[in-house]
Amino acid sequence: TPGRYVGADEAKDDGEPMIISGTVYKADGKTPAPNTLIYFYHTDKFGIYGREGQPKHGRFRGWMLTDAKGRYEFASIRPASYPNSTQSQHVHMTITTLDSREDWYDSILFEGDKFLTARERGSTRERGGFNPIVSLERGKDGIMTATRNIQLMSA
């Protein structure tokens, strides 16, 4: 099964639970990329990364490897915008492969976020191929889910 980090049950007390899943593809956008290391991190429900005594990137962070079919999945909470800002909600991510060093990819953004800008909409797909703006859909279990596929950059 694809990798996971902060469990959905744990996240219920911390914010609105969500599950993001997808497939990482090689630079051709069609061939799955197995064993790709993905690092995610984002703010808590108050827009804060780490509080005193927590790691710099806070509690909502994790690493995972894509499976044999290039798939990944993580369960967490929907992040909040930074306090007193108009910054859109986002999940940062870096990707490392056997053939490439760690590199930043487009953050995951959320359709319906009141702070999502025209510039962010226009600059999508720069680093990651597929649209980084996801539409969260609430399941019968109350958990929101979305798909974010990723295309590796050419070496």
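Let us look at the structure shown here. (Residues numbered from 1 in each chain as written. Predicted model: local features only at pLDDT ≥ 70, side-chain atom pairs only at ≥ 80, totals over all residues. Heavy atoms only, no water.)

Notes on the nonpolar core
Next, step 1: Core analysis: the largest hydrophobic core is formed by 21 residues, its most contacted members being M18, I20, F40, Y72, F74, I108 and F110.
Next, step 2: Residue assignment for this core shows that the elements contributing at least two residues are β1 (17–25), β2 (37–41), β4 (71–77), β5 (90–97), β6 (100–110) and β9 (144–147). (Core = buried A, V, L, I, M, F, W, Y, C linked by side-chain atoms within 4.5 Å. Buried < 20%, exposed > 50% of the residue type's maximum accessible area, 1.4 Å probe, protein only. Helix = DSSP H or I, 4+ residues; strand = E, 2+ residues; numbered from the N terminus.)

Notes on the layout of surface pockets
Next, step 1: The computed volume of the largest pocket comes to approximately 460 Å³.
Next, step 2: What lines the largest pocket is a set of 18 residues, and nearest its centre among them are T97, D99, S100, L152 and M153.
Next, step 3: The set of elements that each furnish at least two residues to the lining of the largest pocket consists of β5 and β6.
Next, step 4: Looking at which element gives the most residues to the lining of the largest pocket, the answer is β6, with 4 residues.
Next, step 5: Its residues placed into classes, the lining of the largest pocket shows 9 nonpolar, 5 polar and 4 charged. (1 Å grid on protein atoms, 1.4 Å probe; cavity = no way out; pocket = protein on both sides within 12 Å on 5 of 7 lines; lining within 4 Å. Points joined across faces, edges and corners; volume = space filled by probe spheres on them. Nonpolar A, V, L, I, M, F, W, Y, C, P; charged D, E, K, R; others polar.)

Side note on the side chain of D67
Next, step 1: On the secondary structure map, D67 appears in the loop between β3 (61–65) and β4.
Next, step 2: A distance of 2.8 Å separates a polar atom in the side chain of D67 from the backbone nitrogen of K69. (Polar contact = N/O pair within 3.5 Å; in protein donor to acceptor, adjacent residues only side chain to side chain.)

Considerations on the pattern of salt bridges
Next, step 1: Following the criterion strictly, the structure yields 3 salt bridges and no others.
Next, step 2: Note that D67 and R71 form a salt bridge whose closest N and O atoms lie 2.7 Å from each other.
Next, step 3: On the basis of relative accessibility, which here comes to 14%, the residue D67 falls in the buried class.
Next, step 4: Assessed through its relative accessible area of 36%, R71 is described here as partly exposed.
Next, step 5: Between E111 and R121 there is a salt bridge; the shortest N-O distance is 2.6 Å. (Salt bridge = Lys/Arg side-chain N within 4 Å of Asp/Glu carboxyl O.)

Digging into the packing of aromatic side chains
Next, step 1: Per the counting criterion, the structure on display carries 8 aromatic pairs.
Next, step 2: Note on F40 and Y72: the rings are 5.8 Å apart at their centroids and 35° apart in plane angle, and the pair reads as tilted. On the criterion of sequence distance, the pair formed by F40 in strand β2 and Y72 in strand β4 is long-range, its members being 32 residues apart.
Next, step 3: For Y72, a relative accessible area of 1% corresponds to the buried category. (Phe/Tyr/Trp six-rings, centres within 6.5 Å; stacked < 30°, edge-to-face > 60°.)

Notes on the environment of H42
Next, step 1: With respect to the helices and strands, H42 occurs in the loop between β2 and β3.
Next, step 2: Along the primary structure H42 and A80 are separated by 38 residues, whereas in three dimensions their C-alpha atoms are 8.5 Å apart.
Next, step 3: In terms of polar contacts, H42 uses its side chain to reach the side chain of S76, at 2.8 Å.

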